[in-house]
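If you want the building blocks of each chain, they are given just below.
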Amino acid sequence: MTSEIAVMNQRAVALAADSAVTLIDGGTVVVRNEQRKLFNLVEGQPVGVMFFGMADMLGHPWDHLIEHYQTKHRKDAARPHVRDYGTAFTAMLDNLEEFFPPERQNEDYRRLLASVFRHIFAYAQFLRESSDDPSLVADDKRVLEAAIERVWREYQFLEDGSARRDLSCFPQGFARSVVSRHAAQINELINYGFGQFSLSKQADQYLRDIAGFCVTKDLFLEDVSGLVFAGFGAEDRYPSVVTYYVSAMVDGIAKRSEVSVDVIDNEIRSKVRVFADSEVTHAFLRGIDFNLERRLYAGFRMLLHGVVDELIAAFPNATASVREELRKRFQGDFVPRYFEAFRGMIGEYQQHAFINPVLRVLEIAGRGELAETARNLVELNIFKKRIMAQKETVGGAIDVAVISRDGGFQWYSKQGA
């Protein structure tokens, strides 16, 4: 785990990263506080890069891969935009057999598919614990097939029902190629994980579809590395921050996706972007702990549904069909309407009471103040881990850099310096 922050206004962007890295060996969890996660991507160019999540790619630490990119591209001309640096860096990973030999890539695909199958079992357990259907709870095969179908649909469709896109880094038909090339591994993993349940032919086919979708679809159910590119391209007037997810190397191509772009312009003149294990920063900026906020909204929604059920059950002389019709009408209109009104009221208060005051100060902040703000926001997360006697998966020295168009990439504080 890690805590990383980007704080930006029209003048510059400040990046801060702690130095903790978590190593897991079997059941043993070890934390080391010596990992650099923040770098100048190309010497002389105003672009920085940070990584979070998985600290390596097929056993090669991200700092080694960043150094490899720096060596290969140190004499390159400046790229037009920050996202062009992200595209170039992640594209460098493809067909890089000196780091990722084919046999290791086969192991990485196995890891990827196994992690998705574990997600299916975890989701099946969730269905079992949350379902009100006794027959579903008692039937292992049925609940597992329901979980498989749900994950299959997640890979196929977005929440609004539209088709989920394929990742642009893969050529057309790549999913079919993966399923064909890795058929033996797929069969082995399906038999090992699901063989005892005598799944239907449909569920078995869903699993084989998932074996391809988990590579090519824009959905990351597996562990990922996050790569944050920040600063100025040659044509950028104001700074931007571009975030990528990278998860696996399969048949010569890195599974990757650009997941967010944060820009400063004439309308948005300051911004704070939070990455990885930074829940205290979230609480500071929004006035409430992230997990508490989710529980609050879930509890309020459940309360509204409960009130509707109680009121309808109390109607005198109403038939079962009338009650069911009323329930559907209220649950389909009343509950969503009042829930969104409540969430909007809370969100408006958070914006005015917590977020806007911080952003107004950051709009006029100088480089030093941006750097101190980024550092302090990371320190909040370190302090929480220490004071609550939690395993300090966030900690160690904090690297801070400030990137501006005229000053370039400048260290504000750096481990060992």
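Every value quoted in this text rests on a predicted model; they were computed, and no experiment measured them. (Residues numbered from 1 in each chain as written. Predicted model: local features only at pLDDT ≥ 70, side-chain atom pairs only at ≥ 80, totals over all residues. Heavy atoms only, no water.)

Counting its secondary structure elements, the chain contains 12 helices and 14 strands. Taken along its principal axes, the extent of the C-alpha atoms in the chain is 75 × 55 × 45 Å. A separation of at least 24 residues holds for 70% of the contacts in the chain among residues at least 6 apart in sequence. In the form shown here, the chain has an accessible surface area of approximately 21300 Å², with 52% of it arising from carbon and sulfur atoms. In the chain, which carries 50 positive and 58 negative side-chain charges, the distance between the mean positions of the two groups comes to 1 Å. (Helix = DSSP H or I, 4+ residues; strand = E, 2+ residues; numbered from the N terminus. Contact = heavy atoms within 4.5 Å. Areas by Shrake-Rupley, 256 points an atom, 1.4 Å probe, with all protein chains shown as cover. Lys, Arg positive; Asp, Glu negative; His and termini not counted. Charge placed at Lys NZ, Arg CZ, Asp CG, Glu CD.)

Moving on: the pairing of strand S10 (residues 240–250). Burial within S10 is extensive, with 10 of its 11 residues counted as buried. In this sheet, S10 lies alongside strand S9 (residues 225–231) in antiparallel orientation, the contact comprising 7 bridges. Each residue of the ladder has a partner; that of Gly-226, found in S10, is Tyr-245. As judged from the 10 bridges shared by S10 and strand S11 (residues 253–263), these two strands associate in the antiparallel manner. Among the inter-strand pairings, Tyr-244 is bridged to a residue of S11, identified as Glu-258. Joining the antiparallel neighbours S10 and S11 is a turn of 2 residues, in which Asp-251 adopts a positive phi near 50 degrees. (Buried < 20%, exposed > 50% of the residue type's maximum accessible area, 1.4 Å probe, protein only. Pairing = 2+ DSSP bridges.)

Our next topic: the sheet that holds strand S1 (residues 3–9). Read from one edge to the other, the open sheet built from 5 strands follows the order S12-S1-S2-S13-S14, with strand pairing classed as antiparallel. With partners counted over all chains shown, the strands left at the sheet margins are strand S12 (270–276) and strand S14 (408–413), one partner each. Within the sheet, the average angular offset between the axes of one strand and its neighbour, ignoring direction, is 15 degrees. In terms of strand pairing, strand S13 (residues 399–404) meets S14 through 5 bridges, oriented antiparallel. (Axes fitted to C-alpha atoms, helices over the stretch in contact; angles between N-to-C directions.)

Remark: helix H3 (residues 102–130) packs on helix H8 (residues 201–216), axes separated minimally by 10 Å, with the N-to-C direction vectors making an angle of 120 degrees. Classified by the interaxial angle, the pair formed by H3 and H8 is oblique. When you trace H3 past H8, the crossing you get is right-handed. Contacts between H3 and H8 pair Tyr-109, Leu-112, Leu-113, Val-116, Phe-117 and Ile-120 from the former with Leu-207, Ile-210, Ala-211, Cys-214 and Val-215 from the latter. Of the residues belonging to the contact of H3 with H8, the class tally is 11 nonpolar, no polar and no charged. (Parallel < 35°, antiparallel > 145°, perpendicular 65-115°, else oblique. Left-handed = near helix turned anticlockwise from the far one by under 90°. Nonpolar A, V, L, I, M, F, W, Y, C, P; charged D, E, K, R; others polar.)

Below, the discussion takes up helix H11 (residues 320–363). The terminal C-alpha atoms of H11 lie 59 Å apart, and with 44 residues this matches the ideal 64 Å at 1.5 Å per residue to within 8%. Within H11, the axis deviates most sharply at Ile-355, by approximately 45 degrees, and proline Pro-357 lies no more than four positions further along. Every buried residue belonging to H11 is among Leu-326, Gln-331, Val-335, Phe-339, Phe-342, Gln-350, Ile-355, Asn-356 and Leu-362, and all of these are buried. Buried residues along H11 sit in contact with S1, S12, helix H9 (279–286), helix H10 (290–313) and helix H12 (367–387). (Expected span 1.5 Å × (residues − 1). Bend = angle between axes of the 7 residues up to and from the residue.)

In space, the 5 strands of this open sheet follow the order S5-S6-S9-S10-S11, with antiparallel pairing throughout. Here the strands that pair on one side only, and so sit at the sheet edges, are strand S5 (38–40) and S11. Adjacent strand axes in the sheet meet at a mean angle of 20 degrees, parallel and antiparallel pairs treated alike. Of the strand pairs in this sheet, strand S6 (residues 47–53) and S9 are connected by 7 bridges, and their pairing is antiparallel. What sits directly across from Gly-48, in S9, is Ala-230.

As a further point, take the packing of aromatic side chains. Applying the stated criterion across every chain, the model contains 23 aromatic pairs. On the numbers, 6.2 Å between centres and 45 degrees between planes, the contact of Phe-99 with Phe-100 is tilted. For the pair Phe-99 and Phe-100, a shared accessibility class is recorded, and that class is buried. Between Phe-300 and Phe-342, the aromatic rings sit 4.1 Å apart at their centres with planes inclined by 25 degrees, giving stacked as the arrangement. One end of the pair, Phe-300, is in helix H10; the other, Phe-342, is in helix H11, and 42 residues separate them in sequence. Three or more aromatic residues joined by ring pairs form one cluster here, namely Trp-62, Tyr-69, Phe-89, Phe-229 and Tyr-244. Lys-255 extends its terminal NZ or CZ atom over the ring of Phe-220, reaching a point 4.5 Å from the ring centre. (Phe/Tyr/Trp six-rings, centres within 6.5 Å; stacked < 30°, edge-to-face > 60°. Lys NZ or Arg CZ within 6 Å of the ring centre and 35° of its normal.)

A few words now on the pattern of salt bridges. If you walk through the whole model with that rule in mind, you get 26 salt bridges. For Glu-107, the salt bridge goes to Arg-104, with nearest N and O atoms at 3.2 Å. Of this pair, Glu-107 and Arg-104 both sit in helix H3, separated by 3 residues, roughly a single helical turn. With a shortest N-O distance of 2.5 Å, Arg-128 and Asp-140 are connected by a salt bridge. You can see Arg-128 sitting in helix H3 and its partner Asp-140 sitting in helix H5 (residues 140–156), a full 12 residues away along the chain. According to the relative accessible area criterion, Asp-140 is partly exposed, its value standing at 40%. The network of salt bridges with shared partners includes Asp-262, Lys-271 and Arg-273. (Salt bridge = Lys/Arg side-chain N within 4 Å of Asp/Glu carboxyl O.)

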